[in-house]
Amino acid sequence: MSKYQVNDNGYYGNFGGAYIPEMLYPNVDELQRSYLPIIQSESFRQEFDQLLRDYVGRPSPLYRAGRLSDRYGTNIFLKREDLNHTGAHKINNTIGQILLAERLGKKRIIAETGAGQHGVATATVCALKGLQCVVYMGAIDIERQAPNVARMKMMGAEVIAATSGSKTLKDATNEALRDWINNPLDTHYIIGSVVGPHPYPDMVARFQSVISAETRKQLLEKTGRETPDYAVACVGGGSNAAGMFYHFLDEPSVRLVAVEAAGKGVHSGESAATTVLGREGVLHGSRSILMQTEDGQVIEPYSISAGLDYPGIGPQHAWLHKSGRATYAAITDEEAMQAGLLLTRLEGIIPAIESAHALAQLEKMTFGKDESVVVCLSGRGDKDLDNYMKYFGF
Ligand SMILES: *Cc1c(COP(=O)(O)O)cnc(C)c1O
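A quick note: this is a predicted structure, and the numbers were derived from the prediction, not measured.

A. Representation of the pattern of salt bridges. Counting across every chain of the model gives 29 salt bridges. A salt bridge links glutamate 214 to arginine 58; the nearest nitrogen and oxygen atoms lie 2.9 Å apart. Here glutamate 214, found in helix H10 (residues 210-223), pairs with arginine 58, found in the loop between helix H2 (42-56) and strand E3 (62-64); they are 156 residues apart in sequence, far enough to count as distant. Given a relative accessible area of 5%, arginine 58 falls into the buried group. Each of Glu47, Glu102, Arg103 and Lys129 takes part in a single network of salt bridges with overlapping partners.

In structure tokens:
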């Protein structure tokens, strides 16, 4: 068993676990007991693989970005999660969880969403399977993210505004948890990243691990080696990075680089650089590293990319950071926006601003000409066009 994977008690080192109110024990206990037997069963694997192929469009290409490679004097490969149905890696997880919910006999799905990307990926699989879908979203986020709210409604989801507190993601999460407590029998809660109580971080990482499983095969075809010298990915909660790292965790020759959002600067007071600013504590049901005040209040994170402004990281990332297995870097809004423009001009690919954080890290690294670097291009930039246009004044 890998020392970087979850142990039998639901921990990565001293991180993870299930810190939940007693009223949630039955729901979480059911998941803990059933998730591995279900997702490792032959019928699950078959349907999961078939939907990833025919519905999501997998395998996603591994593209050697020629002009970007020339710029950095090495071999840069982009893992094209941006080409997935719905435009990002999030669908890999929601497909897995909807199949699990079906097998648990659940009829109703709930989710929380911040920018709306996870809400859309959840509403999509609920339409696919004909299950009822309720998405909790902060009232302020509903105003800010109108196109995603429209997508969810068009797919038949009910979007409920969280009107308490700061009216953003953490309030939506509280509402979703309250709903789950009240509806333990017929409802499954689809969490959107490698966060939450055990078994969510492990379960979501397994669904996203298709990213590195495919990468190994594709690299072997293209370079004659299954492993890259570097694997680079951005981190909000950490699911695309967990998927990109998964099958390389026990290959010490692969250097793992995770990129957080530094916002307007790590120490500007407007940042989401959790590993730099955070301390150990409990957030959303697991022990990890989070941004908090002296007396333990969660600090509101900031990033220009809505998908990265989360005040914590998943427990596996906390452990990869603490153990030194992966390196955690932080990229500012400005650096990410420039990297997004650079990829667009050099390769004709507009990346999500989240993914642009991973690309920006390349500027800070040095490579050998025969090395290979895989960057997880977690999503496409169509959703960010307004932001890019305002930023650059196009
Ligand atoms: C949501 C999102 C992220 C951040 O989530 P992780 O769980 O850290 O992967 C990154 N990129 C895109 C395109 C997203 O939509």
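The discussion continues.
B. Layout of the pairing of strand E5 (residues 108-113). Among the six residues in E5, six count as buried, and that is most of the element. Of the two faces of E5, the one holding Arg108, Ile110 and Glu112 and the one holding Ile109, Ala111 and Thr113 are both buried throughout. Taken together, the six bridges between E5 and strand E6 (residues 132-138) define a ladder with parallel strand orientation. The residue bridging alanine 111 from the neighbouring strand is valine 135, located in E6. Taken together, E5, helix H5 (residues 117-129) and E6 constitute a β-α-β crossover, and its handedness is right-handed. In the sheet, E5 pairs with strand E8 (residues 187-189) via three bridges, with the strands oriented parallel. By the bridge assignment for E8, isoleucine 109 is matched with histidine 188.

C. Local environment of the site of the ligand. In the vicinity of the ligand, 16 residues are found, and the nearest of them are Lys90, Ser193, Gly236, Gly238 and Ser239. Contact between the ligand and serine 193: an oxygen atom at 2.6 Å from a side-chain N or O atom of the residue. At 2.8 Å from a nitrogen atom of the ligand is found a side-chain nitrogen or oxygen belonging to serine 378. The protein chains hide 97% of the 390 Å² of surface that the ligand would expose on its own. Considered class by class, the residues forming the shell around the ligand number three nonpolar, 11 polar and two charged.

D. Fine view of the sheet that holds E3. Taken in spatial order, the six strands make up an open sheet running E3-E4-E14-E9-E10-E13, and their pairing is mixed. Edge strands, defined here as strands with exactly one partner in the open sheet, are E3 and strand E13 (326-332). If you compare each strand with its neighbour and ignore which way they point, the axes differ by 25° on average. Where strand E9 (residues 230-234) and strand E10 (residues 255-263) come together, five bridges link them in parallel fashion. Bridged to tyrosine 230 within E10 is arginine 255. Together, E3, strand E4 (75-80), E10, E13 and strand E14 (372-377) form the strand contacts of helix H14 (residues 333-347), whose direction differs from that of E13 by roughly 90°.

E. Summary view of the nonpolar core. Judged by nonpolar contacts, the single largest core of 75 residues is most densely connected at Ile95, Met152, Trp180, Met244, Phe245 and Leu256. Among the elements that line this core, the one with the most residues is helix H4 (residues 90-103), at six residues. When residues are assigned to domains, this core turns out to be shared by domain 1 (21-51 + 90-204) and domain 2 (58-88 + 209-392), each giving three or more. Ignoring any residue separated from it by four or fewer positions in sequence, one finds methionine 244 in contact with Ile211, Ser212, Thr215, Ala231, Val232, Ala233, Val374 and Cys376. With 34 residues, the next largest nonpolar core counts Cys234, Met337, Ala358 and Tyr388 among its residues.

F. Examining the pairing of E10 more closely. Within E10, eight of the nine residues are buried, which leaves it mostly tucked inside the rest of the structure. Handedness of the crossover is the feature at issue here: the chain leaves E9, passes through helix H11 (residues 239-245), returns alongside E10, and the resulting connection is right-handed. Pairing geometry for E10 and E13, over seven bridges, is parallel. When the bridges of E13 are listed, glutamate 260 appears paired with alanine 330.

G. Region of interest: the packing of aromatic side chains. This structure, assessed with the given rule, holds nine aromatic pairs. An angle of 20° between the planes, with centres 6.0 Å apart, marks the rings of phenylalanine 44 and phenylalanine 207 as stacked. Here phenylalanine 207 lies in helix H9 (residues 200-208) and phenylalanine 44 lies in helix H2, a separation of 163 residues in the sequence. For phenylalanine 207, a relative accessible area of 2% translates into the label buried. Put simply, the rings of Phe44, Phe48 and Phe207 pair up and form one aromatic cluster. Lysine 264 extends its terminal NZ or CZ atom over the ring of tyrosine 302, reaching a point 5.1 Å from the ring centre.

The rules we used
- Residues numbered from 1 in each chain as written.
- Predicted model: local features only at pLDDT ≥ 70, side-chain atom pairs only at ≥ 80, totals over all residues.
- Heavy atoms only, no water.
- Salt bridge = Lys/Arg side-chain N within 4 Å of Asp/Glu carboxyl O.
- Helix = DSSP H or I, 4+ residues; strand = E, 2+ residues; numbered from the N terminus.
- Buried < 20%, exposed > 50% of the residue type's maximum accessible area, 1.4 Å probe, protein only.
- Pairing = 2+ DSSP bridges.
- Right-handed = clockwise from strand over helix to strand, strands pointing away.
- Near = heavy atom within 4 Å.
- Polar contact = N/O pair within 3.5 Å; in protein donor to acceptor, adjacent residues only side chain to side chain.
- Areas by Shrake-Rupley, 256 points an atom, 1.4 Å probe, with all protein chains shown as cover.
- Nonpolar A, V, L, I, M, F, W, Y, C, P; charged D, E, K, R; others polar.
- Axes fitted to C-alpha atoms, helices over the stretch in contact; angles between N-to-C directions.
- Contact = heavy atoms within 4.5 Å.
- Core = buried A, V, L, I, M, F, W, Y, C linked by side-chain atoms within 4.5 Å.
- Domains from an automatic or database assignment.
- Phe/Tyr/Trp six-rings, centres within 6.5 Å; stacked < 30°, edge-to-face > 60°.
- Lys NZ or Arg CZ within 6 Å of the ring centre and 35° of its normal.

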